[in-house]
Amino acid sequence: MRTTRYTLMVAQALVVSALLAATAAAAATAAEYVRPLPGRIILTEHTEPAANPQQVHVSAVGEKHMRVSWITDDKHAPSVVEYGTASRNYTMSATGDHTSYRYFLYSSGKIHHVSIGPLEPSTVYYYRCGEAGREFSLRTPPAALPIELALVGDLGQTEWTASTLLHVSKTDYDMLLVPGDLSYADTQQPLWDSFGRFVQRHASRRPWMVTQGNHEVEAAPLPLPVPGSPPPFAAYGARWRMPHEESGSPSNLYYSFDAAGGAVHVVMLGSYAPFNAGSDQYRWLARDLAAVDRRATPWIVVLLHAPWYNTNAAHQGEGEAMRKAMERLLFEARVDVVFAGHVHAYERFTRVYDNDTNPCGPVYITIGDGGNREGLALNFDKDHKLAPLSMMREASFGHGRLRVVNATTAHWSWHRNDDADSVVRDDLWLESLAANASCRQPADPAAVNSWDDEL
């Protein structure tokens, strides 16, 4: 009897030990996550007639309009969009304009841009571009909260990009925001065309709002400019027209727009446009933020490419000059969250201002890992001076979701690509700084620097 009881106790101890070992192994595996290799580039060909639309994508223009953009090989195809709320029953139409560009020996197709509307919020519209080809459909964003914003940085056109966009599409969202690095064409213009076709199934259904990254610069591949050579951002500017004029910006490289009936103000900054005090971008940003009434607009979200806070060895300090020039503008406007790309890893900081915790500063989040072809970001530096401010770091492919629930509360989550699944690896609830009584008026940063909680 005693032997049996002893044997049972040993067996139970072994089971407990095994469970503890398994738990420890699982924890170690999670802590030692190894990012997979980059995926293959997927080249998407155009096989339809020259007059048929390709590379269709939509973007928001003002409160009740959407811009439909596409390309045709036929230079005589009309810049017309027919649309309506029932399939194949187009009760409305709009005419827009077109452009094209040359890049040395490359000549683009005819790039069409047409603004449609006024449109009803949260409504599915069916549309056809250029009076030819297939029918598309889009859903307009809501006119009030809640709203869900999907965020993906450093996309590319690889197997991992396809995985990321598939995961994004599986859960409903209202708009997709991209903080730079779209096609990774890097002067190879046919890759822009391939990218446009690659993302069409997603970008034609929801508004995509983007800003530029370093892979959009596309400077002439020569040591010195050549007379007649294409300017930087020629392809990006012609293909991805954003509502900069509507927001009073002189450049397509930076702009702003309102979402959810003005409850969310989104600012897209240009890391590769002049940003110092006295620059057009700086003056525009100061005017734009000063015009926001936080009683009507409880949330401000900013996107840019090169992160201002980063503990990864990759791209160290590349956003520092911009941070020094513009950070105070964001802090005094009580920007709630700042998203960046560029570093191919996920990282979330606590609320920060001027390299220190601050309850009235933005939460800084890097999401530069949508599916790029360049591989693993370098290692995180555990001894970096900003390490105490970094709450979560992981070099995983994936996407983020910001669900703004109401005037005071939003939920952020980071979704890692794990083979066929999308796994939530980080999430937190955010309180709008407009709802924080101590942050409603610009304050002396030194007076609130003692705050050291996560949020």
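Residues numbered from 1 in each chain as written. Predicted model: local features only at pLDDT ≥ 70, side-chain atom pairs only at ≥ 80, totals over all residues. Heavy atoms only, no water.

Let's talk about the overall build of the protein
Argument step 1. Counting secondary structure elements, the protein contains 7 helices and 24 strands.
Argument step 2. A total of 455 residues make up the protein; the buried ones form 56% of that total.
Argument step 3. Accessible surface, the protein: about 19,400 Å² in total, of which carbon and sulfur atoms supply 54%. (Helix = DSSP H or I, 4+ residues; strand = E, 2+ residues; numbered from the N terminus. Buried < 20%, exposed > 50% of the residue type's maximum accessible area, 1.4 Å probe, protein only. Areas by Shrake-Rupley, 256 points an atom, 1.4 Å probe, with all protein chains shown as cover.)

What about the packing of aromatic side chains?
Argument step 1. Applying the stated criterion across every chain yields a total of 15 aromatic pairs.
Argument step 2. For the pair tyrosine 255 and phenylalanine 257, a centre-to-centre distance of 6.3 Å together with 25° between the ring planes defines the contact as stacked.
Argument step 3. According to the relative accessible area criterion, tyrosine 255 is buried, its value standing at 0%.
Argument step 4. By relative accessible area, phenylalanine 257 is classed as buried at 7%.
Argument step 5. One Lys or Arg, arginine 206, reaches over the ring of tyrosine 173 and ends 5.8 Å from the middle of that ring. (Phe/Tyr/Trp six-rings, centres within 6.5 Å; stacked < 30°, edge-to-face > 60°. Lys NZ or Arg CZ within 6 Å of the ring centre and 35° of its normal.)

Quick word on the nonpolar core
Argument step 1. Ranked by internal contacts, the top residues of the largest apolar core, which has 107 residues, are Ile116, Tyr127, Leu402 and Trp412.
Argument step 2. Broken down by element, the residue count for this core peaks at 6 residues, all from helix H3 (residues 189–203).
Argument step 3. In this structure, isoleucine 116 is in contact with Lys64, His65, Met66, Val68, Val81, Tyr83, Ala94 and Leu138, ignoring residues within four places of it in sequence. (Core = buried A, V, L, I, M, F, W, Y, C linked by side-chain atoms within 4.5 Å. Contact = heavy atoms within 4.5 Å.)

With respect to the pairing of strand E18 (residues 346–353)
Argument step 1. Within E18, 8 of the 8 residues are buried, which leaves the element mostly enclosed by the surrounding structure.
Argument step 2. Sheet topology places E18 next to strand E20 (residues 363–367); 4 bridges connect them, and they run antiparallel. Opposite arginine 348, over in E20, you have isoleucine 365 as the bridge partner.
Argument step 3. With 4 bridges joining them, E18 and strand E21 (residues 390–394) adopt antiparallel strand pairing. By the bridge assignment for E21, tyrosine 346 is matched with glutamate 394.
Argument step 4. Here E18 folds back onto strand E19 (residues 356–357), and the loop between the two strands holds 2 residues, one of which, aspartate 354, carries a positive phi near 50°. (Pairing = 2+ DSSP bridges.)

No statement about biological role is implied by the geometric values presented.
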